[in-house]
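# Close look at the chain arrangement
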Amino acid sequence: MSYPVSSDENGIKIIPEQMVQEKMYYCLHNQKILLVFKDEHDFLNCYEIEDAEIIENVKNCANADDVEKSIESYIIKHNLKH
């Protein structure tokens, strides 16, 4: 199975049928990070991140697990968790 979120010169492509519920997917597009997940009701939730620090950290990640760890570290570092 291919990764369900991808980006090319035409934009972002999301294949919800290939997504696992409550799992975060990401892609880089136009110097932004798009985070996508499908909730327990099969609704898609999308978040766009433009913060340069997070983007640079994500560019250096080897896989999706590293992306999640990088974002979580940023949240903790900047005390953004409520």
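Rules used in this analysis
- Residues numbered from 1 in each chain as written.
- Predicted model: local features only at pLDDT ≥ 70, side-chain atom pairs only at ≥ 80, totals over all residues.
- Heavy atoms only, no water.
- Axes fitted to C-alpha atoms, helices over the stretch in contact; angles between N-to-C directions.
- Helix = DSSP H or I, 4+ residues; strand = E, 2+ residues; numbered from the N terminus.
- Parallel < 35°, antiparallel > 145°, perpendicular 65-115°, else oblique.
- Left-handed = near helix turned anticlockwise from the far one by under 90°.
- Contact = heavy atoms within 4.5 Å.
- Nonpolar A, V, L, I, M, F, W, Y, C, P; charged D, E, K, R; others polar.
- Pairing = 2+ DSSP bridges.
- Disulfide = S-S within 2.5 Å.
- Buried < 20%, exposed > 50% of the residue type's maximum accessible area, 1.4 Å probe, protein only.

Between helix H1 (residues 52–59) and helix H2 (residues 64–77), the shortest axis-to-axis distance is 9 Å and the interhelical angle comes to 150°. Classified by the interaxial angle, the pair formed by H1 and H2 is roughly antiparallel. Of the two elements, H1 crosses H2, and the hand of that crossing is right-handed. Between H1, through Glu 53, Ile 54, Asn 57 and Val 58, and H2, the contact on the second element is made entirely by Val 67, Ser 70, Ile 71, Tyr 74 and Lys 77. When the residues that make up the contact of H1 with H2 are grouped by side-chain class, the tally is five nonpolar, two polar and two charged.

Spatially, three strands are ordered S3-S4-S5 in an open sheet, and the strand pairing comes out antiparallel. The sheet is open, and its two borders are formed by strand S3 (25–29) and strand S5 (44–49), each paired with just one other strand. Sheet twist, expressed as the average angle between the axes of neighbouring strands with direction ignored, equals 20°. Bridge count for strand S4 (residues 32–38) against S5 is six bridges, and the pairing is antiparallel. Within S5, the residue paired with Leu 34 across the bridge is Glu 48.

Moving on, we come to the state of the cysteines. The final tally for this structure, using the stated rule, is zero disulfides. No disulfide involves Cys 27; its sulfur sits 9.4 Å from the nearest other cysteine sulfur, which is in Cys 46. Cysteine Cys 61 is unpaired, with the sulfur of Cys 27 as its nearest cysteine sulfur at 14 Å. Classification of Cys 61 as buried rests on a relative accessible area of 18%.

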